[in-house]
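# Summary of the model geometry
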Amino acid sequence: GVAGRRAVQLTVLALQLGVCAAHLSLVATNVRAAADGALDHRTALLVSYGCCSCLALLPRLTHLWPLSLFGSAAMMVALGSALAAAILQIVHPDAAPPAPPAPPPAPAHPRAEMWACAAAAFYAFEGVALVLPIRSQLRGERARRLYPRVLISALLVVATTFLAVG
């Protein structure tokens, strides 16, 4: 009914806003790292939000092709360097192993871990919003009847994996 549709729409909206918050937080962390810590997290978050807001004003996504090209090139460089490092380690196993990564910093606020966990959970369940409209496209009564079970099973697998991995 109408109440169910509104509940689904509200849930999808909350999920998408949570994913956006997680992405903005990741971008802000990168901005802060690029500024060598000269910005606090809140300022880096505002800078990230401002940049993303400007991108949202573009009338067509095709205008983002230079940014997309840069992102693709950066990803290829990252993959290539990881592949080269792996090959070097296989070819020269006696070489010194890389230094272990630095431990993550302690949360600045006691609730920071809770918010980080919530952001990771939103990110883990991000695909649900893409799957929900599929039911209306299913053909056959049996497929429509099985859809809720398949969806709930998939969500349980994601939740179990999320809880197991942390």
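Residues numbered from 1 in each chain as written. Predicted model: local features only at pLDDT ≥ 70, side-chain atom pairs only at ≥ 80, totals over all residues. Heavy atoms only, no water.

### Details of the overall build of the protein
Our working definition: Helix numbering and strand numbering both begin at the N terminus, where a helix is a DSSP run of H or I of at least 4 residues and a strand a DSSP run of E of at least 2. Working definition: with a 1.4 Å probe on protein chains only, accessible area under 20% of the residue-type maximum means buried, over 50% means exposed, and in between means partly exposed. Surface accessibility in these figures is a Shrake-Rupley result with a 1.4 Å probe; residues are shielded only by whichever protein chains are displayed.
Helix and strand content of the protein: six helices and zero strands. For the protein, the sequential pattern of α-helices and β-strands runs α-α-α-α-α-α. When each of the 166 residues of the protein is scored for burial, the buried share is 8%. When the accessible area of the protein is evaluated, it comes to approximately 13500 Å², of which 71% is carbon and sulfur surface.

### Remarks on the packing of helix 1 (residues 2-34) against helix 2 (residues 41-56)
The packing of two helices is summarised by the inter-axis angle and the distance between the axes. What counts here: Between the N-to-C directions of two axes lies an angle of 0 to 180 degrees, each axis being a line fitted to C-alpha atoms and, for a helix, fitted only over the stretch in contact. Our angle categories are set so that under 35 degrees counts as roughly parallel, over 145 as roughly antiparallel, 65 to 115 as roughly perpendicular, and the remainder as oblique. Crossing handedness is defined as follows: a turn of the near helix away from the far one that is anticlockwise and smaller than a right angle gives a left-handed crossing, while the clockwise case is right-handed. The contact definition used throughout considers only heavy atoms, calling two residues in contact when any of these lie within 4.5 Å. Each residue receives one of three labels: charged for Asp, Glu, Lys and Arg, nonpolar for Ala, Val, Leu, Ile, Met, Phe, Trp, Tyr, Cys and Pro, and polar for the others, Gly being one of them.
Two elements in contact, helix 1 and helix 2, have axes whose closest approach is 8 Å; the angle formed by their N-to-C orientations is 115°. One way to sum up the angle between helix 1 and helix 2 is to call them roughly perpendicular. Here helix 1 and helix 2 pass one another in a crossing that is right-handed. Across the interface between the two elements, Leu24, Ser25, Val27, Ala28, Thr29, Val31 and Arg32 of helix 1 pack against His41, Ala44, Leu45, Val47, Ser48, Tyr49 and Cys52 of helix 2. Here the residues of the contact of helix 1 with helix 2 are counted per class, giving nine nonpolar, four polar and one charged.

### Overview of the side chain of Ser48
Note the following rule: Throughout this description, a polar contact denotes any pair of N or O atoms lying within 3.5 Å of each other; where both atoms belong to protein, one of them has to be capable of donating a hydrogen while the other can accept it, and for residues adjacent in sequence the pair is counted only when both atoms sit in side chains.
Residue placement: Ser48 occurs in helix 2. For Ser48, a relative accessible area of 2% gives the class buried. A distance of 3.4 Å separates a polar atom in the side chain of Ser48 from the backbone nitrogen of Ala28. Every residue in contact with Ser48, bar those within four places of it in the chain, is listed here: Leu24, Val27, Ala28 and Val31.

### Re the environment of Ala121
When you line up the elements, Ala121 lands in helix 4 (residues 112-124). On the accessibility criterion, Ala121 (22% relative accessible area) is partly exposed. Linking Ala121 and Val158, residues 37 residues apart in sequence, is a C-alpha distance of 9.6 Å.

### What to know about a nonpolar patch on the surface
Applicable threshold: Exposure above 30% relative accessible area and no salt bridge define the residues that can form patches, which grow by joining like charges within 9 Å and nonpolar side chains of Val, Leu, Ile, Met, Phe, Trp and Tyr within 5 Å. By definition, a salt bridge exists where a carboxyl oxygen of Asp or Glu is found within 4 Å of a side-chain nitrogen of Lys or Arg.
A surface patch of nonpolar side chains, amounting to about 370 Å² of accessible area, comprises Leu55, Leu58, Leu67 and Phe70. Mapped onto the fold, Leu67 is located in helix 3 (residues 65-91).

### Side note on the confidence of the model for the protein
A low pLDDT means the predicted coordinates there should not be read in detail. Short version of the rule: Across the chain, each position has a pLDDT score giving the predictor's confidence in that residue, from 0 to 100.
Mean pLDDT for the protein: 78, with 84% of residues reaching 70 or above. Looking over the protein, one finds the lowest element-wise mean pLDDT in helix 5 (residues 128-131), namely 64, and the highest in helix 3, namely 88.

### So, helix 6 (residues 141-165)
The line we're drawing: Multiplying 1.5 Å by the helix residue count minus one yields the expected span of that helix.
When the terminal C-alpha atoms of helix 6 are compared, their 37 Å separation across 25 residues agrees well with the 36 Å that a helix rising 1.5 Å per residue should span. Tyr147, Leu151 and Phe162 are the residues of helix 6 that are buried.

### Topic: the state of the cysteines
To keep it simple, the criterion reads: Cysteine sulfur pairs qualify as disulfides if the two atoms are within 2.5 Å.
In this structure the tally under the stated criterion is zero disulfides. Sulfur of Cys54: no disulfide; nearest cysteine sulfur belongs to Cys51 and is 6.6 Å away.

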